[in-house]
Amino acid sequence: AVGVDLHETESSKEIRLTRMSYFATSARSAVGLVRSGNEDSGLASSRLVAVADGMGGHAAGEVASKIAITTLSDLSKIFTNPEIDFESADDIYLNSFHEIDAALKSAVDENPQLSGMGTTLTSLFLRNNSVALLHIGDSRAYRLRGNSLEQLSVDHTVIQELLNQGAISEADVATHPQRSVLTQVLMGEGTLELPLPVFEGKIKDRYLVCSDGLSSVLSEKEIKSLIKGKDRDEAVNALIDATYINGAPDNVTVVIADIVEEVQPDSTEKIGAAQ
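Residues numbered from 1 in each chain as written. Predicted model: local features only at pLDDT ≥ 70, side-chain atom pairs only at ≥ 80, totals over all residues. Heavy atoms only, no water.

Enquirer: Give a detailed account of the environment of Asp258, specifying residues and quantitative values.
Expert: With respect to the secondary-structure elements, Asp258 resides in strand S11 (residues 252-260). For the pair Asp258 and Phe23, spaced 235 residues apart in the sequence, the C-alpha separation amounts to 5.3 Å. Residue contacts for Asp258: discarding those within four places in its chain leaves Tyr22, Phe23, Ala24, Asp205, Arg206 and Arg232. Here Arg206 takes part through its side chain, which lies 2.7 Å from a polar atom of the side chain of Asp258. (Helix = DSSP H or I, 4+ residues; strand = E, 2+ residues; numbered from the N terminus. Contact = heavy atoms within 4.5 Å. Polar contact = N/O pair within 3.5 Å; in protein donor to acceptor, adjacent residues only side chain to side chain.)

Enquirer: Account for the sheet that holds S11, with residues named and values stated.
Expert: Pairing is antiparallel in the open sheet, where five strands are placed in the order S1-S11-S10-S7-S8. Either end of the sheet is taken by a strand with one partner, and the two such strands are strand S1 (22-30) and strand S8 (148-151). Going across the sheet, the axis of each strand differs from the next one's by a mean of 20 degrees, ignoring polarity. Sheet topology note: the strand S10 (residues 206-210)/S11 ladder contains five bridges and is antiparallel. For Leu208, the partnering residue across the bridge sits in S11 and is Ile256. Sheet strands in contact with helix H8 (residues 232-245) are S1, S10 and S11, and its direction is about 25 degrees off that of S1. (Pairing = 2+ DSSP bridges. Axes fitted to C-alpha atoms, helices over the stretch in contact; angles between N-to-C directions.)

Enquirer: I'd like to hear about the packing of aromatic side chains, residue by residue, with values.
Expert: Applying the stated criterion to the full structure yields four aromatic pairs. Taking the centre distance of 5.0 Å and the plane angle of 50 degrees together, the rings of Phe79 and Tyr93 count as tilted. Of this pair, Phe79 sits in helix H2 (residues 60-79) while Tyr93 is found in helix H3 (residues 86-110), placing the two residues 14 residues apart along the sequence. Summarising the burial analysis for this pair, Phe79 and Tyr93 share the class buried. Ring centres of Tyr93 and Phe125 lie 5.2 Å apart, and the angle between their planes is 65 degrees; on these two criteria the pair is classed as edge-to-face. Residue Tyr93 is located in helix H3, and its partner Phe125 is located in strand S5 (residues 121-127); the two are separated by 32 residues in the primary sequence. Its relative accessible area of 0% is what places Phe125 among the buried residues. Ring pairs connect the aromatic residues Phe79, Tyr93 and Phe125, which therefore count as one cluster. The aromatic ring of Phe86 is capped on one face by Arg127, whose charged end is 5.2 Å from the ring centroid. (Phe/Tyr/Trp six-rings, centres within 6.5 Å; stacked < 30°, edge-to-face > 60°. Buried < 20%, exposed > 50% of the residue type's maximum accessible area, 1.4 Å probe, protein only. Lys NZ or Arg CZ within 6 Å of the ring centre and 35° of its normal.)

Enquirer: Let's hear about the pairing of S8: which residues, and what values?
Expert: Of the strand pairs in this sheet, strand S7 (residues 140-145) and S8 are connected by four bridges, and their pairing is antiparallel. For Tyr142, the partnering residue across the bridge sits in S8 and is Gln151. The loop that links S7 with its antiparallel partner S8 comprises two residues; one of these, Gly146, has a positive phi angle of about 65 degrees.

Enquirer: Describe the packing of H2 against H3, and please don't skip the residues or the numbers.
Expert: The angle between the axes and the distance between the axes are what describe a pair of packed helices. Their axes nearest at 9 Å, the elements H2 and H3 cross at an angle of 145 degrees. By crossing handedness, the relation of H2 to H3 is classed as right-handed. Here Ala64, Ile67, Ala68, Thr71, Leu72, Leu75, Ile78 and Phe79 of H2 come into contact with H3, specifically with Ala89, Ile92, Tyr93, Ser96, Glu99, Ile100, Ala103, Leu104 and Ala107. Each residue belonging to the contact of H2 with H3 can be placed in one class, and the counts come to 14 nonpolar, two polar and one charged. (Left-handed = near helix turned anticlockwise from the far one by under 90°. Nonpolar A, V, L, I, M, F, W, Y, C, P; charged D, E, K, R; others polar.)

As structure tokens, then:
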């Protein structure tokens with residue numbers, strides 16, 4: 001048990017607050033029914049969750065997603081340190097995009113067969129009572145709060161741009177010939193300028209980070225019904241089972257993270273190609 005010092009200083013109060021909430025997580029990655037290998041990677045820890053969906057021939061997709069998750073995991077030792085201030089932590093977290101991009105370029109320089117590989121990356125970083133979103137591509141982050149499911153990420157796709165312009169409707173998406181074309185992705189090209197949106201976090205919020213192997217198969221309504229009111233492991237399995245029932249045409253990776261007050265193990269789980 002931890003005693004409460006009524007005479008604690010402002011600085012000790014700030015340290016105490018940074019440790020009051022954690023991600024309690026469950027994660028799983030599956031190959032699906034069509035693909036021969038898994039090009040998805042994922043990460044789950046008490047402060048950080050992420051999903052990367054790789055692309056490229058000659059097994060390059062799995063190399064790209066593994067580089068993204070491994071690089072992010074290594075950097076997380078710095079930005080999740082409770083002694084670092086939020087501004088510095090956010091800067092390092094956002095800069096991980098550039099670190100991953102540079103690592104992808106180095107890998108291609110060393111092995112030209114990997115040329116053309118790339119990866120999406122969608123990640124959530126819990127710091128104090130807020131959640132920062134690192135996002136590029138079409139892997140997604142959702143938040144379930146009470147009865148409301150909200151998509152926090154915005155897809156970097158041709159389809160999303162056409163929707164934003166009002167050129168097509170939601171009804172056109174499923175059959176559109178460019179539904180899988182990405183407008184932004186990590187490819188080692190060094191041209192990234194991306195924001196770091198920050199959301200208020202509340203105890204009992206449930207977050208879902210997933211590859212498009214889930215979101216392109218299940219509707220938002222179906223996703224909500226499968227993650228609401230279940231424990232984390234049960235919800236993860238229900239989501240993946242549902243993609244298999246619907247043909248699982250792609251790799252599918254799912255990470256569920258609940259904000260809790262109970263101290264969580266200080267460990268990092270890597271799944272998919274990053275294992």
